[in-house]
Amino acid sequence: PDPFHEPGRPVPEGVPLMLRTLFIEEARTQVGRNASVTGACCLVLLGFLGLWWLLADVPALAGLMQLASMAVIIAIPVAVMVQVAVDYWQSMYGQRGYLTMAVPVRGRVHFAAKALYACVVVLVEGAICLGGLIAWCAVLAHSIGSTTEDVLQPVLWAIDTAGPGKTALFVLIVLIGLFSLVIEVGAVMSIGGQGRFNHLGFGAPMIGLVLLYAVNQVLALIAVLFVPLSMDVTTGDFTSQMMWPQFLEALRTGVQPSVIGVGSVVVGPVLAVVLAWWAVRAIEQHTSLR
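Residues numbered from 1 in each chain as written. Predicted model: local features only at pLDDT ≥ 70, side-chain atom pairs only at ≥ 80, totals over all residues. Heavy atoms only, no water.

This next bit is on the overall build of the protein. Broken down by element type, the protein carries 9 helices and 3 strands. Mapped from its N terminus to its C terminus, the protein presents α and β elements in the order α-α-α-α-α-α-α-β-β-α-β-α. If you line up the protein on its principal axes, its C-alpha atoms span 70 × 55 × 35 Å. Out of the 290 residues in the protein, the part that is buried amounts to 35%. When contacts within the protein are restricted to residue pairs at least 6 apart in sequence, those whose partners lie at least 24 apart make up 75%. (Helix = DSSP H or I, 4+ residues; strand = E, 2+ residues; numbered from the N terminus. Buried < 20%, exposed > 50% of the residue type's maximum accessible area, 1.4 Å probe, protein only. Contact = heavy atoms within 4.5 Å.)

Structure follows, in structure tokens:
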């Protein structure tokens, strides 16, 4: 019998050990493919950057290479994360799912291992993109006869103005948002993998992702307006004011609000927790292999 569907089945001993083992297996299975996609994209990026460097004196072609290289930088993490998402679906609900479900651990351990691997991939791809952006700025500096430091001056000024504390907080918020998005996408795919959605095939998670985007936007707007957490645009400090009264005043008088709500930063983590709980329940009780 399927170990995930046995009523009252206890959590097996050594869950941390199984989590580590499944994470290592996830990495062993995917690292090669992810590295191949990343390497191919990096080679294309280097080609475009090299042509941009050589054609700096030909504005039309240089501008084309500039746009193409930026498109590749954006495409690198997107391509790899799509690859990770496809592997998640195939290993959980495709033919490989039979082997996955034969492992004597509960569904939450599988979900945690795969989500953890995806978060590590996000960190790696983010670092690669950061390097690509610095290289892009270096070539831009060459094309306009300036230095890389001058091109990066606005960013450096913003970091210096914000200080190390706020800069670290901003980086932390971005990382939490990315990790939350990874968990949300994986959770929606598992929720769409339930037996009642079997007739939709891969269309179920696709519909779920569209709904996820809509729900995220609505909840983010509500949080921005009504959560008592804002940033003062004049001082850059965080306050406990709610943006809603000033938003109404702006609609009435046209005066710009002095505070901007930042409550949306809590939407991602909260939604990720809720969807992860739902996904684990779906995996352990309603999984239907294709």
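Continuing now.
Note on placement: Asp87 falls in helix α2 (residues 59-93). In the structure, Asp87 is positioned 53 residues away from Asn34 in sequence and 11 Å away in space, judged by C-alpha atoms. Aside from chain neighbours lying at most four places away, what touches Asp87 is Glu26, Thr29, Gln30, Arg33 and Arg96.

Let us look at α2. For α2, spanning 35 residues, the distance from its first C-alpha to its last is 50 Å, which sits close to the expected 51 Å at 1.5 Å a residue. Along its length, α2 shows its largest kink, about 30 degrees, at Ala75, and proline Pro77 lies within four residues downstream of that point. (Expected span 1.5 Å × (residues − 1). Bend = angle between axes of the 7 residues up to and from the residue.)

One open sheet holds the 3 strands; their spatial order is β2-β1-β3, and the pairing between them is antiparallel. Pairing within the sheet leaves two strands with one partner each, and these edge strands are β2 (238-239) and β3 (259-261). Here strand β1 (residues 230-232) pairs with β2 via 2 bridges, running antiparallel. The residue of β2 that forms the bridge with Ser230 is Thr239. (Pairing = 2+ DSSP bridges.)

With 39 residues, helix α6 (residues 153-191) extends only 46 Å from end C-alpha to end C-alpha; this falls clearly short of the ideal 57 Å at 1.5 Å per step. Its buried side turned inward, α6 meets α2, α4 (107-143), α7 (203-226) and α9 (267-286).

Glancing now at the packing of α7 against α9. Their axes nearest at 10 Å, the elements α7 and α9 cross at an angle of 135 degrees. Judged by the angle between their axes, α7 and α9 are oblique. Seen along the crossing, α7 lies across α9 with a hand that is right-handed. Here Leu212, Val215, Asn216, Leu219, Ala220 and Ala223 of α7 lie close against α9, whose contacting residues are Val267, Leu271 and Leu275. (Axes fitted to C-alpha atoms, helices over the stretch in contact; angles between N-to-C directions. Parallel < 35°, antiparallel > 145°, perpendicular 65-115°, else oblique. Left-handed = near helix turned anticlockwise from the far one by under 90°.)

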